[in-house]
Amino acid sequence: MAGTTGTLVLAGTPIGDVADAPPRLATELESADVVAAEDTRRLRRLTQALGIHTTGRVVSYFEGNESARTPELVEALTGGARVLLVTDAGMPSVSDPGYRLVAAAVEHGIRVTAVPGPSAVLTALALSALPVDRFCFEGFLPRKAGERLGRLREVAAERRTMVFFEAPHRLDDTLAAMAEVFGADRRAAVCRELTKTYEEVKRGPLGDLAAWAAEGVRGEITVVVEGAADTGPEELDAEELVRRVRVREEAGERRKEAIAAVAAEAGLPKREVFDAVVAAKNAARTGPAEGKGLS
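Residues numbered from 1 in each chain as written. Predicted model: local features only at pLDDT ≥ 70, side-chain atom pairs only at ≥ 80, totals over all residues. Heavy atoms only, no water.

Some details on the overall build of the chain
Reasoning step 1: Secondary structure assignment for the chain yields 11 helices and 10 strands.
Reasoning step 2: A burial count over the chain gives 44% of its 295 residues as buried.
Reasoning step 3: Within the chain, contacts between residues at least 6 apart in sequence are counted, and of these 71% link residues at least 24 apart.
Reasoning step 4: By element, 49% of the accessible surface of the chain is carried by carbon and sulfur atoms, the whole surface being about 15400 Å².
Reasoning step 5: Averaging the positions of the 38 positive and the 45 negative side-chain charges in the chain gives two centres separated by 3 Å. (Helix = DSSP H or I, 4+ residues; strand = E, 2+ residues; numbered from the N terminus. Buried < 20%, exposed > 50% of the residue type's maximum accessible area, 1.4 Å probe, protein only. Contact = heavy atoms within 4.5 Å. Areas by Shrake-Rupley, 256 points an atom, 1.4 Å probe, with all protein chains shown as cover. Lys, Arg positive; Asp, Glu negative; His and termini not counted. Charge placed at Lys NZ, Arg CZ, Asp CG, Glu CD.)

Notes on the packing of aromatic side chains
Reasoning step 1: Tallying each qualifying case throughout the model produces 2 aromatic pairs.
Reasoning step 2: Relative to Phe-165, the ring of Phe-137 has its centre 5.0 Å away and its plane inclined at 65°; by these criteria the two rings are edge-to-face. Of the two residues, Phe-137 is situated in strand β6 (residues 135-140) and Phe-165 in strand β7 (residues 161-166); the sequence distance between them amounts to 28 residues.
Reasoning step 3: By relative accessible area, which is 29% here, Phe-137 ends up partly exposed.
Reasoning step 4: In this structure an aromatic cluster arises from ring pairing among Phe-137, Phe-140 and Phe-165. (Phe/Tyr/Trp six-rings, centres within 6.5 Å; stacked < 30°, edge-to-face > 60°.)

Quick notes on the pairing of β7
Reasoning step 1: Within β7, 6 of the 6 residues are buried, which leaves the element mostly enclosed by the surrounding structure.
Reasoning step 2: Alternating positions in β7 separate into two faces, Thr-161, Val-163 and Phe-165 on one and Met-162, Phe-164 and Glu-166 on the other, with burial throughout.
Reasoning step 3: Examined bridge by bridge, β6 and β7 share 5 bridges and lie parallel to one another. Residue Phe-137 lies in a different strand from β7, and its bridge partner there is Val-163.
Reasoning step 4: A crossover links β6 with its parallel partner β7, the connecting element being helix α6 (residues 145-154), and its sense is right-handed.
Reasoning step 5: Bridge count for β7 against strand β10 (residues 221-225) is 5 bridges, and the pairing is antiparallel. Residue pairing for β10: Phe-165 is matched across the bridge by Thr-222. (Pairing = 2+ DSSP bridges. Right-handed = clockwise from strand over helix to strand, strands pointing away.)

Digging into unusual backbone geometry
Reasoning step 1: With a phi close to 85°, Ser-93 is a non-glycine residue in the positive phi region.
Reasoning step 2: Among the structural elements, Ser-93 can be located in the loop between β4 (82-86) and α4 (99-107).
Reasoning step 3: The backbone of Ala-129 sits at a positive phi, close to 65°, despite the residue not being glycine.
Reasoning step 4: The residue Ala-129 is located in the loop between α5 (120-128) and β6 in this model.

Structural notes on helix α1 (residues 23-31)
Reasoning step 1: Those residues of α1 that sit buried are Leu-25, Ala-26, Glu-28 and Leu-29. Projected onto a plane normal to the axis of α1, the buried residues spread over an arc of 165° and lie on a single side. (Arc of directions from axis to C-beta.)

Notes on the nonpolar core
Across soluble globular proteins, nonpolar side chains show a tendency to be buried alongside one another.
Reasoning step 1: Counting 25 residues, the largest nonpolar core has Leu-171, Leu-175, Met-178, Phe-182 and Val-225 as its most contacted members.
Reasoning step 2: Those elements that place two or more of their residues in this core are α6, β7, α7 (171-182), β8 (187-192), α8 (206-213) and β10.
Reasoning step 3: The greatest single-element share of this core, amounting to 7 residues, is contributed by α7.
Reasoning step 4: Once residues lying within four places of it in the same chain are set aside, the contact partners of Phe-182 are Leu-152, Val-155, Ala-156, Met-162, Leu-206 and Val-225.
Reasoning step 5: Ranked by size, the runner-up nonpolar core spans 18 residues in total, among them Leu-73, Ala-76, Val-83 and Leu-101. (Core = buried A, V, L, I, M, F, W, Y, C linked by side-chain atoms within 4.5 Å.)

See below:
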């Protein structure tokens, strides 16, 4: 391997049914010089199910050691190794470890390729019965209620179908927050245990889904939400503009970015939103109705 540059292979793994594993996955697992796995125990179960054995070195590569292990794997790659990266389910880098290693490999001029595999995002979209001509993936929402609401408000006007991942124990709170921000009538689908024995797709308005989830839901969850209707720019008064800026600031945005985002949502010049914020700030100093200004 000396004097040659290796290859980083991102391998998609089954999201449920092991029979969905592409034939190339078994070939790559058997021939890789290094297999970097999110969970080495799950890797062992996967290879047993496929009836194969890895011949290369197996190392763990997960969120807790991703930063520290990346240089080690890059060193192996620059030395000519074929490094295979697998996560617990689906494609590496997509809400899973992998981005740092891909970026580092590209920076070092190392070839990066992939073994396509099952995708929870695309599977859920296809099963949702919602429009899929345009969509966006939002991953996991923040765990804290305030931050979660802030993130949802950021995408409230998104017209593309949205896909989210969520933990089962937070699903009821997330759906309730979505119903609050997007509207209880917005259509959605909760896809549970995709390709597994107890696969279930629950479709309906967000309000109904939130009530259903309140009883408790188990398994791996993907939520698909219909995009906002295209009603054109909203007509917002100054007080509402200021309120929206404040909400974004409370969610962690800087005022400049919050003003720009609200202006884009409302189809207004940034200067108009800025002037409304300044006017509210000045009014607050002179004693108007408490709570309507920005400090």
